Amino acid sequence: MKGAKTIAKLKTHPRVAAAWSEHGTDDGYWIALKSGWRAGDCVVHGIHEYTIKALLASFADVTKCTCQNCKNDALEGGAK
């Protein structure tokens, strides 16, 4: 149940576009980041981990993104 509550809370975070669990498939937990944010030093806009603890640790490393797609989104009306 803790995982479901954590996912629900992450869905309301301003940097998160979507968050979900693939609990029934053993494929862990996912976060899709809004435009303008990236996962740590990688230029990826999402996080996938197999445990809530690892998901939250990775989410703590989310930083601003300046890749070309995010720059284009910002020019078109702001990060989504």
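All figures in this text were calculated on a predicted structure; none of them were measured in a lab.

**Q** Which parts of the structure should I look at to understand helix H2 (residues 52-59)?
**A** Residues three or four positions apart in an α-helix share a direction because the helix packs 3.6 residues into each turn. Restricting attention to buried positions, one finds in H2 the residues Ile52, Leu55, Ser58 and Phe59. Seen along its axis, H2 keeps its buried residues to an arc of 125°; they face one direction.

**Q** What's the story with the sheet that holds strand E1 (residues 16-21) in this structure? I'm lost.
**A** To summarise the sheet geometry, strands pair through backbone hydrogen bonds and adopt either a parallel or an antiparallel arrangement. Strand order across the open sheet formed by three strands is E1-E2-E4, with antiparallel pairing between neighbours. In this open sheet, the two strands that pair with only one neighbour each are E1 and strand E4 (46-49). Each strand axis lies, on average, 10° off the axis of its neighbour in the sheet, ignoring direction. Pairing analysis gives four bridges linking strand E2 (residues 29-33) to E4, with the strands arranged antiparallel. Counterpart to Tyr29 in the pairing with E4 is Glu49.

Definitions and cut-offs
- Residues numbered from 1 in each chain as written.
- Predicted model: local features only at pLDDT ≥ 70, side-chain atom pairs only at ≥ 80, totals over all residues.
- Heavy atoms only, no water.
- Buried < 20%, exposed > 50% of the residue type's maximum accessible area, 1.4 Å probe, protein only.
- Helix = DSSP H or I, 4+ residues; strand = E, 2+ residues; numbered from the N terminus.
- Arc of directions from axis to C-beta.
- Pairing = 2+ DSSP bridges.
- Axes fitted to C-alpha atoms, helices over the stretch in contact; angles between N-to-C directions.

What is shown is where atoms sit, not what they do.
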